Amino acid sequence: MLDLALEELVAVDQAHLIHPLHNPAAHAAAGPVVLVSGQGAVLRDAHGKEYLDGLSQLWNVNVGHGRRELAEAAAEQISQIAFVSNYAGQSSVPTIQLARKLAEISYPNLESVFFTSGGAESNDSAFKLARSYWRAHGMPDKMKIISRRFGYHGVSIGAMGATGLPAYWPQFEPRSPGFVQVAPPYCYRCELGHTPGNCPIDTADDLEATILLEGADTVAAFIAEPVMGAGGVIPPPPEYFPRVREVCDRHNVLFIADEVITGFGRTGKMFGLEHWGVQPDIMSFAKGVTSAYIPLGGIMLTRKLAEWLRTLPPDQPWMHAYTYSGHAVACAVALKNIEIIEREGLVERAAEMGTRMIDGLRALESHPSVGEVRGLGMMAAVELVSDKSTRASYPASDKIGPKVLTAARERGVLLRNRGDVICMAPPLVTTAEQIDRIVDVVGTSIRVATDRD
């Protein structure tokens, strides 16, 4: 039974707070979760119950909860000056320092930063940059953005056009024009009819075919997550991104890497495309840059793109801006967060613990409902099916994915699902014992939800 104070808190929540992607009636049976504290990979609710944070909340608390250093960095900056507008050439010391640090740790061809407050703003900024670049170079028709089905790039009115998950569209149609989608490298459910493992570059060829169909003189950019996150943790075959880079170069299309989830160590590299030796023209980032302790995002761009922006006529600046671009406190926290990641070797730790997690999950593949286990670094997914031989999905009405999440929550692990795909991305500081506990709870919860041995 909830105590009176918490009952009142929940009542105020339901009366006044609109939650993202939330239907109160659908979640009433599970009851509210009011989280009040955390340390490392452990969260505690208002009852004192502990949970392992199996998704770093939203793929973003990379250094774990309760890092006093980050609170102190924010407090120190606030005590000096909390907000400095980046308009009209103004800046702050941590903003300048963070721009330099990002240039040092990111892809060698990226050297300049435009800051935002989050991932959707970052991708909107990337789209606007690509369109404005081609327009300034006498190609105003070169404005289409190609993305991939199952990709997630945010749900602002611009970013939603690139997001390839149809559930996000119907309530807000029509979507912004100028967005085109192609097949993803989703080998387990290949849109091109191949069996898993037998279509290494066909989906990259689908990108080229689409560019040719649309007309290369109409395509501004292609955007892709190195590992598709919210779409179900879908890593590509090793040949995929080198081929994508070739296609974009051949047709004069800018390549935008959406590293909002994969950046800052999540995949076992500082940034995801490092796994395949590929560099983008624009990189969007957010989430792990501050480990979610304060909102911050941005885009990084090549010297060529940055020099174009810097040489625009004085009376024609790039007319794109956000009030909180380069927020001093957010940048101070980001600097300390990156220091922690480097000092504690969390990128390397993500590779090590990620291998442990994925290997542990692969032991579940003998279960009749486990169709595939996949992942990279500290990102993993288990895709559940009603028939392994045909890869047939469960009927949506069975709600297998939500049942797994409920069972896991009851056992003290918080996860996320995309339908019947169970997603995991614990903090990079998660211990080996905690990884094993997450794997064990996932297995138990699958058995409970499917009622199959």
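First things first, this report covers the structure right here in the doc. (Residues numbered from 1 in each chain as written. Predicted model: local features only at pLDDT ≥ 70, side-chain atom pairs only at ≥ 80, totals over all residues. Heavy atoms only, no water.)

**Notes on the sheet that holds strand E14 (residues 416-418)**
Here is the rule: DSSP calls a pair of strands paired once it identifies at least 2 bridges connecting them. For the purposes of this entry, the term helix denotes a DSSP run of H or I that reaches at least four residues, the term strand denotes a run of E that reaches at least two, and both are numbered from the N terminus. Fitted lines through C-alpha atoms give the axes, limited to the stretch in contact for helices. The angle between two N-to-C directions lies from 0 to 180 degrees. Two residues qualify as a contact provided that any one of their heavy atoms is within 4.5 Å of a heavy atom in the partner residue.
Pairing within the open sheet is antiparallel, and its four strands lie in the order E11-E12-E15-E14. Each of the sheet's edge strands pairs with one partner strand only, and the pair in question is strand E11 (370-375) and E14. Averaged over all pairs of adjacent strands, the angle between their axes in this sheet comes to 20°, without regard to strand direction. One ladder, built from four bridges, connects strand E12 (residues 380-384) with strand E15 (residues 421-424); its direction is antiparallel. From the neighbouring strand, Val382 faces E15, where its bridge partner is Ile422. Each of E11, E12 and E15 is contacted by helix H12 (residues 346-362), which is oriented at about 170° to E11, the strand it contacts most. Along the sheet, helix H14 (residues 432-450) makes contact with E11, E12 and E15, crossing E12 at roughly 10°.

**Some thoughts on the pattern of salt bridges**
Heads up, the condition is: In what follows, salt bridge is the name for a side-chain nitrogen of Lys or Arg lying within 4 Å of a carboxyl oxygen of Asp or Glu. Each residue is assigned to one of three classes by its accessible area relative to the maximum for its type, calculated with a 1.4 Å probe on protein chains only: buried under 20%, partly exposed between the two thresholds, exposed over 50%.
Across all of its chains, the model carries 24 salt bridges by this definition. Between Glu246 and Arg243 there is a salt bridge, and its shortest N-O distance comes to 3.9 Å. Here Arg243 and Glu246 lie together in helix H9 (residues 240-250), a separation of three residues that amounts to about one turn. Arg243 gets classed as buried once you look at its relative accessible area, which sits at 17%. Salt bridges here are not isolated pairs; linked through shared partners, they connect Arg67, Glu69, Lys336, Glu339, Arg343 and Glu344.

**A word on the nonpolar core**
What counts, and what does not: Residue types Ala, Val, Leu, Ile, Met, Phe, Trp, Tyr and Cys, when buried and joined through side-chain atoms within 4.5 Å, form a set referred to as a nonpolar core.
In this structure, Phe222, Phe264 and Leu361 are the most contacted members of the largest nonpolar core, which totals 96 residues. Setting aside residues no more than four positions away along its own chain, Phe264 makes contact with Asn62, Leu102, Ile105, Met270, Phe271, Phe285, Ala286, Gly288, Val289, Ile338, Ile341 and Leu428.

**Details of the sheet that holds strand E3 (residues 50-53)**
Strand order in the open sheet formed by four strands is E1-E2-E3-E13, and the pairing between neighbours is mixed. The strands lining the two open edges of the sheet, one partner per strand, are strand E1 (35-39) and strand E13 (413-414). The strands touched by H14 are strand E2 (42-45), E3 and E13; relative to E3, the strand with the most contacts, the crossing angle is about 95°.

**Quick notes on the pairing of strand E9 (residues 282-285)**
Going residue by residue along E9, you find Ile282 and Ser284 tucked away on one face and Met283 and Phe285 tucked away on the opposite face as well. In this sheet, E9 lies alongside strand E8 (residues 254-258) in parallel orientation, the contact comprising three bridges. Bridge pairing in E9 links Ile256 to Ile282.

**Thoughts on the side chain of His320**
In this structure, His320 sits in the loop between helix H10 (303-310) and helix H11 (328-343). Residue classification places His320 among the buried positions, given a relative accessible area of 9%. Sequence-distant contacts of His320, that is, excluding residues within four places in its chain, are made with Phe114, Ser125 and Lys128.

**Re the packing of helix H13 (residues 400-410) against H14**
The criterion, for reference: Working definition: roughly parallel below 35 degrees, roughly antiparallel above 145 degrees, roughly perpendicular at 65 to 115 degrees, and oblique for all remaining angles. Crossing handedness follows the turn of the near helix against the far one: under a right angle anticlockwise gives a left-handed crossing, and clockwise gives a right-handed one. Each residue is assigned to one of three groups, with Ala, Val, Leu, Ile, Met, Phe, Trp, Tyr, Cys and Pro labelled nonpolar, Asp, Glu, Lys and Arg labelled charged, and all others, Gly among them, labelled polar.
Orientation of H13 relative to H14, taken along the N-to-C sense of each, is 130°, at an axis distance of 8 Å. By the criterion of interaxial angle, the relationship of H13 to H14 is oblique. Where H13 crosses over H14, the two elements pack in a sense that is right-handed. Of the residues in H14, those in contact with Ile400, Lys403, Val404, Ala407 and Ala408 of H13 are Val441, Ser445, Ile446, Val448, Ala449 and Thr450. Of the residues that constitute the contact of H13 with H14, the class distribution is eight nonpolar, two polar and one charged.

**What to know about the side chain of Arg374**
Put simply, the rule reads: Within 3.5 Å is the distance limit for a polar contact, defined as a pair of N or O atoms, with the added protein rule that one can donate a hydrogen and the other accept it, and that residues adjacent in sequence qualify only through two side-chain atoms.
Tracing the backbone through its elements, the reader meets Arg374 in strand E11. Within the structure, the side chain of Arg374 is placed 2.9 Å from the backbone oxygen of Val233, a separation counted as a polar contact.

**Focus on the packing of aromatic side chains**
Formally: Aromatic rings from Phe, Tyr and Trp, taking only the six-membered ring of Trp, are treated as a pair when their centres fall within 6.5 Å; an angle between ring planes under 30 degrees marks them as stacked, one over 60 as edge-to-face, and anything in between as tilted. Charge-over-ring placement is defined geometrically: NZ (Lys) or CZ (Arg) within 6 Å of the ring centre, and within 35 degrees of the ring normal.
Within this structure, the stated rule accounts for 16 aromatic pairs. Between Phe114 and Trp318, the aromatic rings sit 5.5 Å apart at their centres with planes inclined by 80°, giving edge-to-face as the arrangement. Taken together, the positions of Phe114 in strand E4 (residues 110-116) and Trp318 in the loop between H10 and H11 put the pair 204 residues apart, joining distant regions of the chain. Accessibility expressed as a relative area gives 19% for Trp318, which makes it buried. An aromatic cluster of three or more residues is present, and its members are Tyr107, Phe115, Phe264, Phe271 and Phe285. The lysine or arginine in question, Arg131, covers the ring of Phe179, its NZ or CZ lying 5.5 Å from the ring centre. In this arrangement the basic side chain of Arg391 is found over the ring face of Tyr188, its NZ or CZ atom lying 5.6 Å from the centre.

**Overview of helix H8 (residues 202-214)**
One full turn of an α-helix is made of 3.6 residues, so residues set three or four places apart face in the same direction. As a reminder of what qualifies: To estimate the expected span of a helix, subtract one from its residue number and multiply by 1.5 Å.
Between the first and last C-alpha of H8 there are 18 Å, a value that for 13 residues agrees with the 18 Å anticipated at 1.5 Å per step. Among the residues of H8, those classed as buried are Thr203, Ala204, Asp206, Leu207, Glu208, Thr210 and Ile211. Elements that come into contact with the buried residues of H8 comprise strand E5 (144-148), strand E6 (179-182), strand E7 (219-224) and H9. Residue Gly215 follows H8 closely and has a positive phi angle near 100°.

**Focus on the pairing of E4**
Taken across its seven residues, E4 has five buried, putting it largely inside the fold. Direction of pairing for E4 relative to strand E10 (residues 297-302): antiparallel, over a ladder of six bridges. If you follow Phe115 over to E10, its bridge partner there is Gly298.

**Remarks on the layout of surface pockets**
Once rolled over the atoms, a probe with the size of a water molecule shows which space is left empty. As a reminder, the rule being used: Any residue with an atom within 4 Å of a point lines the site, the site being either a cavity, points on a 1 Å grid over the protein atoms alone where a 1.4 Å probe fits but cannot get out, or a pocket, an open set with protein on both sides within 12 Å along at least 5 of 7 lines. Grid points are joined across faces, edges and corners, and a volume is the space filled by probe spheres set on the points.
Here the second largest pocket is characterised by a volume of approximately 880 Å³. Broken down by secondary-structure element, the contributors of at least two residues to the lining of the second largest pocket are helix H5 (93-105), E4, E10 and H10. The dominant element in the lining of the second largest pocket, judged by the number of residues it contributes, is E4, at four residues. A per-class count over the lining of the second largest pocket returns 17 nonpolar, nine polar and one charged.

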